[in-house]
Amino acid sequence: GAGVSQSPSNKVTEKGKDVELRCDPISGHTALYWYRQSLGQGLEFLIYFQGNSAPDKSGLPSDRFSAERTGGSVSTLTIQRTQQEDSAVYLCASGTLNQPQHFGDGTRLSIL
Amino acid sequence: KQEVTQIPAALSVPEGENLVLNCSFTDSAIYNLQWFRQDPGKGLTSLLLIQSSQREQTSGRLNASLDKSSGRSTLYIAASQPGDSATYLCAVTGTASKLTFGTGTRLQVTL
């Protein structure tokens with residue numbers, strides 16, 4: 001399909017482990033976004049990429065969170081030393097300026 | 001800091017009714033406003049995007065309006081159907097195309 005693809009769809013891990021979440025954007029979309037959706041906080045912006053650079057990282061909640069994008073395409077969001085409060089659905093979106101963002105189905109992360 | 005509020009939080013209507021969902025935002029310096037639909041366990045589907053210079057957008061049975069100066073938007077759904085049952089989110093775009101989301105309205109359309 002031509003949509004935004006995220007993997008894995010579900011991830012269960014133990015507290016303290018590192019996790020990597022992957023996002024494959026729609027081909028040609030220069031902008032890529034990560035959001036987090038949790039019960040208590042709603043949908044929150046994490047980070048924005050334009051090409052391979054991240055001009056806005058203001059939503060990353062702590063230095064345990066990092067993200068990169070390579071080749072202007074695939075992006076990975078890494079959470080180190082996971083905590084229970086990291087449990088949420090992590091959504092990726094891609095788009096172009098002033099056009100609707102297209103969302104993937106998300107990765108549901110559960111920290112035991 | 002931009003804050004987006006949606007009222008009501010939940011709504012149940014019988015099939016065929018017209019309905020209005022409300023969205024308000026605190027900072028009128030926006031580039032655009034979008035309405036999304038989210039089905040359980042799924043991502044978001046963009047329904048309508050209204051640029052800051054526009055007053056409304058229409059797509060099929062959906063009509064969204066924007067009053068930027070008062071910080072308000074409404075989503076009007078005509079002749080509701082059970083398939084319209086979902087959570088509806090509004091989001092405003094500020095700097096760097098970053099979306100700030102409302103808390104959503106959970107809609108149920110009953111037979």
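Up top is the structure these notes are about.
Residues numbered from 1 in each chain as written. Chains lettered and ligands numbered in written order. Predicted model: local features only at pLDDT ≥ 70, side-chain atom pairs only at ≥ 80, totals over all residues. Heavy atoms only, no water.

Undergrad: Teacher, can you tell me more about the pattern of salt bridges here?
TA: Any two side chains of opposite charge can pair, so long as their charged atoms come close to each other. Throughout the structure, instances matching the rule amount to seven salt bridges over all chains. Among the ionic pairs, Asp105(A) bridges to Lys42(B), the shortest N-O distance being 4.0 Å. Remark: Lys42(B) occurs in the loop between β4 (32-38) and β5 (44-51) and Asp105(A) occurs in the loop between β10 (102-103) and β11 (107-111); the pair is interchain, linking two chains. (Salt bridge = Lys/Arg side-chain N within 4 Å of Asp/Glu carboxyl O. Helix = DSSP H or I, 4+ residues; strand = E, 2+ residues; numbered from the N terminus.)

Undergrad: How should the state of the cysteines be read in this particular structure?
TA: Disulfides are covalent bonds that link the sulfur atoms of two cysteine residues. Residue and element names in this part refer to chain A. For the structure on display, the rule yields two disulfides over all chains. Sulfur-sulfur distance for the disulfide between Cys-23 and Cys-92 comes to 1.9 Å. Around the S-S axis, the bridge from Cys-23 to Cys-92 shows a dihedral of about -65° and counts as left-handed. Here Cys-23, found in strand β3 (residues 19-24), pairs with Cys-92, found in strand β9 (residues 88-95); they are 69 residues apart in sequence, far enough to count as distant. The burial state of Cys-23 is the same as that of Cys-92; both residues are buried. (Disulfide = S-S within 2.5 Å. Buried < 20%, exposed > 50% of the residue type's maximum accessible area, 1.4 Å probe, protein only.)

Undergrad: Looking at this structure, I do not really get the layout of surface pockets. What am I missing?
TA: To locate leftover empty space, one rolls a probe as large as a water molecule over the atoms. Computed from the structure, the largest pocket encloses a volume of approximately 840 Å³. Along its surface, the largest pocket is lined by 35 residues, and Gln37(A), Val89(A), Arg108(A), Gln38(B) and Gly41(B) are the ones closest to its centre. Every element with two or more residues in the lining of the largest pocket is listed here: β1 (5-7), β4 (31-38), β5 (42-50), β9 and β11 of chain A together with β9 (86-93) of chain B. Ranked by residue count, the leading element in the lining of the largest pocket is β9(B), at three residues. Partitioned by chemical class, the residues of the lining of the largest pocket number 10 nonpolar, 20 polar and five charged. (1 Å grid on protein atoms, 1.4 Å probe; cavity = no way out; pocket = protein on both sides within 12 Å on 5 of 7 lines; lining within 4 Å. Points joined across faces, edges and corners; volume = space filled by probe spheres on them. Nonpolar A, V, L, I, M, F, W, Y, C, P; charged D, E, K, R; others polar.)

Undergrad: Help me understand the side chain of Gln38(B) in this model?
TA: One can find Gln38(B) in strand β4. Here Gln38(B) falls in the buried class, since its relative accessible area comes to 11%. For Gln38(B), the side chain forms a polar contact with the side chain of Gln37(A), separated by 2.9 Å. Leaving out residues up to four positions away in the same chain, Gln38(B) has contacts with Gln37(A), Leu91(A), Gly43(B), Leu44(B), Ala86(B), Thr87(B) and Leu89(B). (Polar contact = N/O pair within 3.5 Å; in protein donor to acceptor, adjacent residues only side chain to side chain. Contact = heavy atoms within 4.5 Å.)

Undergrad: Explanation requested: unusual backbone geometry in the structure shown.
TA: Across the chain, the bulk of peptide bonds are trans and the bulk of non-glycine residues have phi less than zero. Cis geometry marks the peptide bond from Ser7(A) to Pro8(A); its omega dihedral reads -10°. With respect to the helices and strands, the residue Pro8(A) is situated in the loop between β1 and β2 (10-13). The residue after Ile7(B), namely Pro8(B), is reached through a cis peptide bond having omega -5°. Its place among the elements puts Pro8(B) in the loop between β1 (4-7) and β2 (10-14). For Arg81(A), which is not glycine, the phi torsion reads 50° and is therefore positive. Looking at the secondary structure, you find Arg81(A) in the loop between β8 (75-79) and β9. Backbone geometry at Ala79(B) places phi at a positive 45°, although glycine is not the residue there.

Undergrad: Looking at this structure, how should I read the sheet that holds β1(A)?
TA: What links the strands of a sheet is backbone hydrogen bonding, and the strands pair in either a parallel or an antiparallel sense. Residues and elements named next belong to chain A. Pairing within the open sheet is antiparallel, and its four strands lie in the order β1-β3-β8-β7. Unpaired on one side and paired on the other, β1 and β7 (65-69) mark the two borders of the sheet. Across the sheet, the axes of successive neighbouring strands diverge by a mean angle of 15°, strand direction being ignored. Pairing analysis gives five bridges linking β3 to β8, with the strands arranged antiparallel. Within β8, the position partnered with Cys-23 by the bridge is Ser-75. (Pairing = 2+ DSSP bridges. Axes fitted to C-alpha atoms, helices over the stretch in contact; angles between N-to-C directions.)

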